[in-house]
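Okay, here's what each chain looks like letter by letter:
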Amino acid sequence: MGNAYAGQPKSMRFEEVLHNSIEASLRSSSLVPRPVFSQLYLEAEQQLSALEGGSRADNEEEEEEGDGGLEPSCPPNPYQIHPPPEGCCTTDGFCQAGKDLRLVSICSEPIDVPAGFLLVGAKAPSLPGHLLVCAVDRRFLPDDNGHNALLGFSGNCVGCGKKGFCYFTEFSNHINLKLTTQPKKQKHLKCYLVRNAQGALTQGPLICWKGSEFRGRQTPAGPCSSSLFPPLPDSSGPPAAFSSEPSPGTNPSAPVGAQPAGPGSDAPSLPAAAGPVVFNGKDSPQQQQQQQLAKGKLPAGPRPSALGIFSNSGPPKKRHKGWSPESPSAADGGYPQGGGNRAKYESAGVACMPPVGLVGPASVTFPVVTSGEPVSVPENLLKICKAKPVIFKGHGNFPYLCGNLNDVVVSPLLYTCYQNSQSISRAYEQYGAPAMQPISEEMQLLLTVYYLVQLAADQVPLMEDLEQIFLRSWRESHLMEIRQYQPAPPQPCPPAPGPAAPVTSAQLPWLAGLAASSCNDSVHIIECTYSLAEGLSEMFRLLVEGKLAKTNYVVIICACRSAAIDSCIAVTGKYQARVLSESLLTPAEYQKEVSYELVTGKVDSLGAFFSTLCPEGDIDILLDKFHQEHQGRISSSPTAASVTKSMSLDVGGVPACTSDTQNLDLGSFEKVDFLICIPPSEVTYQQTLFHVWHSGVLLELGLDKEHVTRQRVEQYVLKLDAEAQARFKVFLQNSFQNPHTLFVLIHDHAHWDLVSSAVHNLYSPSDPSVGLVDRLLNCREVKEAPNIVTLHVTSFPYALQTQHTLISPYNEIHWPASCSAGADLYPEDRKYFGLSEFIESTLSGHSLPLLRYDSSFEAMVTALGKRFPRLHSAVIRTFVLVQHYAAAMMAVRGLSQMKNYTSVETLEITQNLINAPQQCPCGHGLMVLLRVPCSPLAAVAYERLAHVRARLALEQRFEIILGSPSSGLTVGKHFVKQLKVWQNIEDAEWRPQTYLELEGLPCILIFSGMDPHGESLPRSLRYCDLRLINSSCLVRTALEQELGLAAYFVSSEGPPERGPRSEGLESDAEKPSSTDNEDEELVTEGRPLRSTAEKRSPVKRERSGSRDSASSGCSSKASGSALGGETSAPPGGALQGEQARSPQPCGPSEDTQRLWATQGPAPQPDSGRQTSQRSVQVAVPSPRQLPAAGASSSPPGPAAGASSSPPGPAAGVLVRQASQCSLAKARRQPPVVFLPKLVYDMVTSTDSSGLPKAASLLPSPSVVWASSFRPLLSKTMTSTEQSLYYRQWTVPRPSHMDYGNRAEGCVDGFHPRRLLLSGPPQIGKTGAYLQFLSILSRMLIRLTEVDVYDEEEINVDLREESEWRYLQRSDPWPDLELFRKLPFDYTVHDPKYEDASLICSHHQSAKSEDRGPPRKPEDLFVRRHTARMRLSKYAAHNTYHHCEQCHQYMGFHPRYQLYESTLHAFAFSYSMLGEEIQLHFIIPKSKEHHFVFSQPGGQLESMRLPLVTDKSHEYIKSPTFTPTTGRHEHGLFNLYHAMDGASHLHVLVVKEYEMPVYKKYWPNHIMLVLPSIFNSAGVGAAHFLIKELSYHNLELERNRQEELGIKPQDIWPFIVISDDSCVMWNVVDVDGGGERSREFSWSERNVSLKHIMQHIEAAPNITHYALIGMRKWSSKAGGRAVREPFSRCHVHDFIVLNVDLTQNVQYNQNRFLCDDVDFNLRVHSAGLLLCRFNRFSVMKKQMAVGGHRAFHITAKVSDSPVAVVPAQYICAPDSKHPALAAPAQLLLERFLQHHSHRFFPLSLRNHGHPVLLVDCYLNLGSQISVCYVSSRPHSLNVSCSDSTFSGLLLYLCDSFVGASFLKKFHFLKGATLCVICQDRNSLRQTVVRLELEDEWQFRLRDEFQTANAKEDRPLFFLTGRHI
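Bear in mind that the values here come from a model prediction, so they are computed numbers and not experimental data.

The rules behind each value
- Residues numbered from 1 in each chain as written.
- Predicted model: local features only at pLDDT ≥ 70, side-chain atom pairs only at ≥ 80, totals over all residues.
- Heavy atoms only, no water.
- Helix = DSSP H or I, 4+ residues; strand = E, 2+ residues; numbered from the N terminus.
- Buried < 20%, exposed > 50% of the residue type's maximum accessible area, 1.4 Å probe, protein only.
- Areas by Shrake-Rupley, 256 points an atom, 1.4 Å probe, with all protein chains shown as cover.
- Pairing = 2+ DSSP bridges.
- Axes fitted to C-alpha atoms, helices over the stretch in contact; angles between N-to-C directions.
- Expected span 1.5 Å × (residues − 1).
- Contact = heavy atoms within 4.5 Å.
- Parallel < 35°, antiparallel > 145°, perpendicular 65-115°, else oblique.
- Left-handed = near helix turned anticlockwise from the far one by under 90°.
- Salt bridge = Lys/Arg side-chain N within 4 Å of Asp/Glu carboxyl O.
- Core = buried A, V, L, I, M, F, W, Y, C linked by side-chain atoms within 4.5 Å.
- pLDDT = per-residue confidence, 0-100.
- Polar contact = N/O pair within 3.5 Å; in protein donor to acceptor, adjacent residues only side chain to side chain.
- Phe/Tyr/Trp six-rings, centres within 6.5 Å; stacked < 30°, edge-to-face > 60°.

S.K.: Let's hear about the overall build of the chain: which residues, and what values?
M.R.: Scanning the chain from terminus to terminus reveals 53 helices and 58 strands. Expressed as a percentage of its 1923 residues, the buried residues of the chain come to 60%. As displayed, the chain has an accessible area near 74,500 Å², and 53% of this comes from carbon and sulfur atoms.

S.K.: For the sheet that holds strand 1 (residues 117-124), give the residues involved together with the corresponding values.
M.R.: Taken together, the five strands give an open sheet; going across it, the order is 3-2-1-4-5, and neighbouring strands pair in antiparallel fashion. Both outer strands of the open sheet, strand 3 (155-157) and strand 5 (201-206), are each paired with one neighbouring strand and no more. On average, each strand axis in the sheet is inclined to that of its neighbour by 45 degrees, with strand direction left out of account. When strand 1 meets strand 2 (residues 127-137), the two strands line up antiparallel, connected through eight bridges. Each residue of the ladder has a partner; that of K123, found in strand 2, is L131.

S.K.: An account of helix 12 (residues 463-477) is requested, with residue identities and associated values reported.
M.R.: Spanning 15 residues, helix 12 covers 21 Å between terminal C-alpha atoms, matching the ideal 21 Å at 1.5 Å per step. Within helix 12, 12 of the 15 residues are buried, which leaves the element mostly enclosed by the surrounding structure. All of the buried residues in helix 12 are M463, E464, D465, L466, E467, Q468, I469, F470, L471, S473, W474 and R475.

S.K.: Describe the environment of A886, listing the residues and the values that go with them.
M.R.: Residue placement: A886 occurs in helix 30 (residues 873-892). Separated by 24 residues in the primary sequence, A886 and T910 have C-alpha atoms spaced 9.3 Å apart. Setting aside chain neighbours within four positions, we find A886 in contact with L945 and V948.

S.K.: So what's going on with the environment of M1010? Which residues, and what values?
M.R.: With respect to the element layout, M1010 can be found in the loop between strand 24 (1003-1007) and strand 25 (1021-1025). On the accessibility criterion, M1010 (21% relative accessible area) is partly exposed. M1010 sits 77 residues away from P933 along the chain, and the two C-alpha atoms are 4.6 Å apart.

S.K.: Just give me the short version of the packing of helix 11 (residues 441-453) against helix 12, but keep the residues and values in it.
M.R.: Each packed pair of helices is defined by two parameters, the angle between the axes and the distance between the axes. Their axes nearest at 10 Å, the elements helix 11 and helix 12 cross at an angle of 125 degrees. In terms of axis orientation, helix 11 runs oblique to helix 12. Two packed elements cross with a definite hand, and for helix 11 against helix 12 that hand is right-handed. Within the contact between the two elements, helix 11 uses M443, Q444, L447, T448 and Y451 and helix 12 uses D465, L466, I469, F470 and S473.

S.K.: Got a sec to walk through the pattern of salt bridges? Specific residues and values, please.
M.R.: This structure, assessed with the given rule, holds 58 salt bridges. Ionic pairing is found between D407 and R870, a salt bridge with its closest N-O pair at 3.9 Å. For R870, a relative accessible area of 47% gives the class partly exposed. Residue E700 pairs with R1338 through a salt bridge whose shortest N-O separation is 2.3 Å. Here the residue E700 occupies a position in helix 22 (residues 697-700), and R1338 occupies one in helix 42 (residues 1325-1343), the gap between them amounting to 638 residues. Salt bridges sharing common partners tie together D1390, K1392, D1619, K1672, D1693 and K1740.

S.K.: How would you explain helix 24 (residues 724-737) if you had to name every residue and give the values?
M.R.: The end-to-end C-alpha distance of helix 24, which contains 14 residues, comes to 20 Å, matching closely the 20 Å that a straight helix rising 1.5 Å per residue would cover. Along helix 24, the residues that are buried comprise A724, R727, F728, V730, F731, L732 and S735.

S.K.: So, the nonpolar core: which residues are in play, and what are the values?
M.R.: Counting residues in hydrophobic clusters, the biggest one holds 194 residues, and the most contacted among them are F728 and I1006. A per-element tally of this core places helix 30 first, with 14 residues. Residues in contact with F728, not counting those within four places in the same chain, are L675, L718, L745, L776, L777, C779 and V782. Y1470, I1483, A1577 and A1784 belong to the second largest nonpolar core, which has 116 residues in total.

S.K.: Describe in detail the environment of F838, supporting the description with residues and values.
M.R.: When you line up the elements, F838 lands in helix 28 (residues 835-840). The exposure class of F838 is buried, given its relative accessible area of 2%. Separated by 395 residues in sequence, F838 and V1233 place their C-alpha atoms 8.5 Å apart. Setting aside chain neighbours within four positions, we find F838 in contact with F833, L850, L851, A1046, A1047, P1230, P1231 and V1233.

S.K.: Any details on the pairing of strand 58 (residues 1916-1922)? Residues and values, ideally.
M.R.: Where burial is concerned, most of strand 58 is hidden: six out of the seven residues are buried. Where strand 56 (residues 1866-1877) meets strand 58, six bridges bridge the pair, whose relative direction is antiparallel. When the sheet's bridge partners are listed, V1875 is paired in strand 58 with L1918. Relative to strand 58, strand 57 (residues 1896-1906) is paired through six bridges, and the arrangement is antiparallel. Following the sheet pairing, Q1905 is matched in strand 58 by F1916.

S.K.: I'd like a description of unusual backbone geometry, backed by residues and values.
M.R.: For the bond running from W815 to P816, omega is -5 degrees, close enough to zero to count as cis. Among the secondary structure elements, P816 is positioned in the loop between strand 19 (812-814) and strand 20 (830-833). The omega angle of the peptide bond from Q1495 to P1496 is -10 degrees, so this bond is cis rather than trans. Within the secondary structure layout, P1496 lies in the loop between strand 38 (1491-1493) and strand 39 (1500-1503). Backbone geometry at R1913 places phi at a positive 55 degrees, although glycine is not the residue there. As for its placement among the helices and strands, R1913 is situated in the loop between strand 57 and strand 58. For R1913, a relative accessible area of 61% translates into the label exposed.

S.K.: Explain the sheet that holds strand 58 residue by residue, including any values.
M.R.: Strand order in the open sheet formed by eight strands is 34-54-53-55-56-58-57-51, and the pairing between neighbours is mixed. Two strands close off the open sheet at either side, each with one partner strand: strand 34 (1398-1399) and strand 51 (1770-1771). Along the sheet, helix 51 (residues 1784-1795) contacts strand 51, strand 55 (1844-1851), strand 56, strand 57 and strand 58; its crossing angle with strand 57, the most-contacted strand, is approximately 120 degrees.

S.K.: Any chance you could break down the confidence of the model for the chain for me, citing the residues and the numbers?
M.R.: With 71% of its residues at a pLDDT of at least 70, the chain reaches an overall mean of 77. Counted against residues more than four places away or in other chains, residues 212-370, with its pLDDT under 50, gives 417 contacts. Low pLDDT, under 50, characterises residues 487-499; the predicted model gives this stretch 18 contacts beyond four residues in sequence or across chains.

S.K.: How would you summarise the side chain of N1908 if you had to cite specific residues and measurements?
M.R.: Locating N1908 in the fold gives a position in the loop between strand 57 and strand 58. Taking relative accessible area as the criterion, N1908 reaches 6% and is therefore assigned buried. A polar atom in the side chain of N1908 sits 2.6 Å from the backbone oxygen of A1782. Here the side chain of N1908 touches T1906 through a polar contact of 2.7 Å, side chain to side chain. In this structure N1908 touches A1779, L1780, A1782, P1783, A1784, L1787 and P1914, once residues within four positions along its chain are discounted.

S.K.: I'd love a proper account of the packing of aromatic side chains, names of residues and values included.
M.R.: According to the stated counting rule, one finds 41 aromatic pairs in the structure shown. Taking the centre distance of 5.3 Å and the plane angle of 90 degrees together, the rings of F833 and F838 count as edge-to-face. With 5.5 Å between their ring centres and 75 degrees between their planes, Y1285 and Y1286 make a pair best called edge-to-face. Here Y1285 falls in the buried class, since its relative accessible area comes to 6%. Note on Y1286: relative accessible area 0%, which makes it buried. One aromatic cluster is present, built from ring pairs that chain together F1845, F1861, F1865, F1867 and W1896.

Shown next as structure tokens:
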């Protein structure tokens, strides 16, 4: 066994190590047996010397086994073969039982493989081309790393099925291997067998026996990597199929360590050592032989990797007691060979830190773990080299460094990159792929050399580039497997350079040197013999001797110690080393370093150097000389110091002022409140205050009255500084005290300060600002408050899109979104100019690029960097740039010799800055933004430039402003005065508080702060000088944030002077090049933001507030934040409130011939904004466009005193002068941006897809890549796809506030009330979220409102007085005796029956003009009048309502699962139908207590009913039935709030086919499912079955409770039948002035249904009433409607039905329409009482879906479902009329409703002679009146003795209708008769039985039928005329 387990941890069990050592010694065939205890307690670090032979091939046993390998020095003993038993088979390829074992023969046969066994292929010497199939216990086979195989054997024969072979010798005899040597499983079991896609058994990967792999170290398992290569699962084979045809010479599917077999030959088992073992400086003979073997026999396949070879304890080699494959020793990974200590230190730290990039934002301070003798860093190294070398640890051990450690930087980033790239193949395991070989260490190092060689002299290596190279190389070498297992095709990538054969460590130095030979010594290779220490010492020597002056990178390789290589890479190029070493500083360290250099005076040497540059002496001497010469000519002007004296702003102090479900229920909120949290920047704070103030959002949300004060606005904006915590507590208290207010917590600039509060607690408890966002916004109170929604707003959302994010991807809003039809919504006078447009301007075909770098500046910085190596480059860059600006100012002022001491670019900027105001009559100038991130340097720059300006007497020409986040603006008095003139401001105290207010001011804005905090810049910004940004911090957020400062809205009229062609922008919208929005058009919300006036007359808003983030700028297409570019557009108008103060471009240019309109988010009232216009020479009528409200009043504050119409310029202003106005120019062209060369290259270089390279950088410094194995971002990705990409491939650092999110237990870790609004910089996100608040507020109001029918009662004037009235107005309940005396009011007063036939009685005589013309059927719904009402707390709700109180009621509760309901059949017989009715109840478990079940058996017996005498306020006695169809979502079935929480029984009555969908939406409701025969029936069938079922149940309950001693009449007999649209209930409170007084007052209030039901149920003598109902609500109901408390009339919609009294009165089960009127008439004619409580009313919600409108009448066989007109609903019998797909009864009712005048021509508008209806009310239309009579004996009918009828309608008349009954009635001559029967036969029988032919004349052609098919059973009619 040799030294296979060298470097084992001390924790290994003694007996196991002892066993291994003894066995290795006994079985070793080497000449000198190894000592027995050579393995015990060894540490790998002790084996530094190769003299011990520790790195040679350590399994000699396997060396002798290789077929073409090394043979031992003496021949082996011949193996004695035992003769086979007599009579058994000895044929090759068959077992001794005679069964075929050859793979080719049995590959398709099913093979029974026991659990834990694998199929493997064995090689027989006698059958060279065949494999024999064997089943072997997996425990005796090695894992993928060549370890953990038990010694011994256990196998089965798959041919004969014999089991239990315990020795391989015995097994080899059984399968007839016929060996001449000792049988060894390692030699003869060659490969696994797997099934391919067709199910055939094929050769799979080779078995990884020890020694056949290249040795390497295991990757330390850190938190970012799961177990490396888990053992194969307990199955019959590997988890997925392999390629059955490996290409010659390669086996792409071979696992780690396996050597591919060549065709027809055994694969050589190569020795494990690939690096030479040195004996006194020479290779050992054995090693030389091995190298020759390797050179001759290396296969051409990919190099097997060294990743993941566990050097762990492993199992003991025999089956010892107490050890099983599951025991810990099998799974514990040991430390890497040769790197134990390193693994201890780094597995926790480095391995879980994916690289940030060699250029990265973080300072990595990991301990440098080393071995061997230390290396001394020479003194004065920095002085000699002019740069600190940066040493990146690579593979293996790194030596100690001592001595002058300050002059070197050591980083583990490259080591981490290597480790992560080793884990590439693990990503495929989820697809079922076998473990593929990762990229080898040798190949990694070689590819690194290739990469460094091709870098240009001014390029810096990037870790992301290196990772992609490794990925590409690995993909190329595993292309076949990747295609097999990858779900999506791999991205096209060029083949990586590399040898075809695997690289050995011996070849590596030579190949690396060969690669580096072509690069002119920029990469130097040092090869070491023993350790890296030699190489490092050599490198330091060469550096000191100056021999590496041209070398940028030194690669040190030590490949001799063992199979594992050691390596490191030193960056020695002055430029590269400086950039890389500075990139390792954190922002805090960077600031500290710069401050230190400034404070200690290190920069003085730099100043002294500048003084020597000027040929005429010190620049300051020149300046003083110039000042003296010109002093006499210059009027006495204040000095720079006095001009720029601090005028700090006087900002007044701000006045101090748990749920079951996490889901947001908008319906439970009444109003919206908000708090905007912003970074601690004074300018951003003032800017946000300004936006909120002028957006009108406070008025719209009802948070303030008419006049909003500044102090009031300040309560809604929170600056996240030291005082924020106290104010935030007030916000939390408000949210707690107002649970019905929805609080929106807006986190603006949300990518700022994502530091975890845990970091604050650990490292900086004294600094309150660290982790403040996390402490406030992620506190428990915010997370748990059900009424707080957090909206994160940012242009750079990447750090909030990680694997641990709290924000669901569904809660991301990418703004502006798009709208396919929105292209014409926005005028084309604004175009957004974002990053992609800036990049595009650098392409060929553009006049001058807008992105530039300054080569002469960069050259000077580089030269000075070499001269002053100890100074930070930021210091050097700042001093050089300030010097350039100073020289340029001097050159412009006439000192032309200074042009040589500045750059062309700086000179252009300065000339334009100084000269622009002179070219404009108003003095408008341009702004130069000078970005100096480091505050101390910004102060230095400010002082120096102010001094130069003062000496050159330029104080009046332009201002210099120091912009710092912590302080407000300071602007000189002279310039404040100018601004006030331009902006028409009369307020003496006004000072500019935001950068936007500096519009038109000629100035240099020195913008400091490590990050911009959301400050917006004015449109006069002309130059954006970013040459000083921290170019070493290359992360996507930082780059885009800096470049976002220049994002701009330009006027698209006329081509810009420079920049991209204007038409290019237009075409961009159609390109799929967006990376930050989903499509290319505009947001839908934009539509309401524009007024119709704006659409009619598009206006050009000159001072676009779109420049700042608050506007919703009205641009056509906007381009996005992402580097890949996006095309989209912002909706809405320009920023409100700023136009009034915006300076105007001068002269009659095209720009000024338009009005300035202030368009803001839609109907928001605006305080005090006035739109100014200019009187220009062109006579243009210019009516001022004022805001809708409040325009005349001026609030105190910024807009105060704005004059309404400023005077225009003098009429004689020359057009030539006007055309030079810098402000007018600025509107048409975006600013020019200057970048550092490094950043410029990064931004402008693109990958193969056209994506800028910068987009593939790490997205944010607070996150890390989850894996090196990640696809590249694509240019065509939408922002949603980008979000999903970052969510998959980035994880937060431990310091990130989301780091611990996964453990919080939310579903998927997402918080349900977190939203993210992202959009490009300066696109108008502030305006968007303020508009969002307005929309949300309106939505809440809309959610709490409902449209209810609001119609006056009809036919009220037909009532007569006195005898109709119930005069006891104060009675709470009707007096039974009084009530009986009231006559029944036959007239229908419900407005929904306005089109129904009027029912006449002897009390009424209607006039024909009382009834209007009939309405069209389609108008019936549209024309009904509704009113919008606010939902009360007692409303019924649909499925969209969710609140915590009724969650349990709805069944969404943990205790009740959705499936917990049972189906019960319930049958009863009904004689009229002649059959048994079978109904089904679906009863949730939670509602079973309402029912009685049989015991045992659980059969449903009855529904429990209470007693009449029960008095309880806790429940409603009457069961409520709601028939419904087509309204599973919209039906108002949630009665929890309506019943005020009282217990009640509610049953939904649904059709069979709709049952599943109703059950889905209402899982906790009882369902009564109608039989399938009623699937096409109308509401009459439901009412009929409800009533019959209830009566049957009443009988059952009476019988059941009679046994308990209760009288039958004591059982409660009432049920409620309610429509599914009843939403609220009201009660009228009457204050009467006495019983008979006409004076009385009344008021209406909303009450609960519980209140009404308990009042009705408590009525005395209630059981004497058959039907009880209430009024339908109407706002127009006067005192007359409610004066009488009770009426005896029709009741509708919500009725309380006495099923006992109405036992013999049935609903008509065939009816679709008017079935309630029909039933009311039947009940009354049966002598029963109907009572309407007039003081109660029900509101019915208007619903556009479901109900009777669900029935559509169409032709049965038509291809297209065309509606049929009602005239076609009947036809002549036996005609060829197309059959209709509708029930016959529906056709009849609809026909009679619209065309009954065809049957009753005399009745049309003849109300004095109605149509007589017998036993049934049918609607004959509003033009025909009817009279209803019942044929039942003893029924109550109107007196008809003196009436003459114009028609008679007999509908399905029964035996009660006889000839004698009909003879009582008188008819007009020519009156018509219509008889309707089920079939023609019944028709004839009825005519005969009723002797109709005596008085009526019939004709054959007067017979009709409904237009149904025969199988649909049409109805037949016969019409006749009275004789």
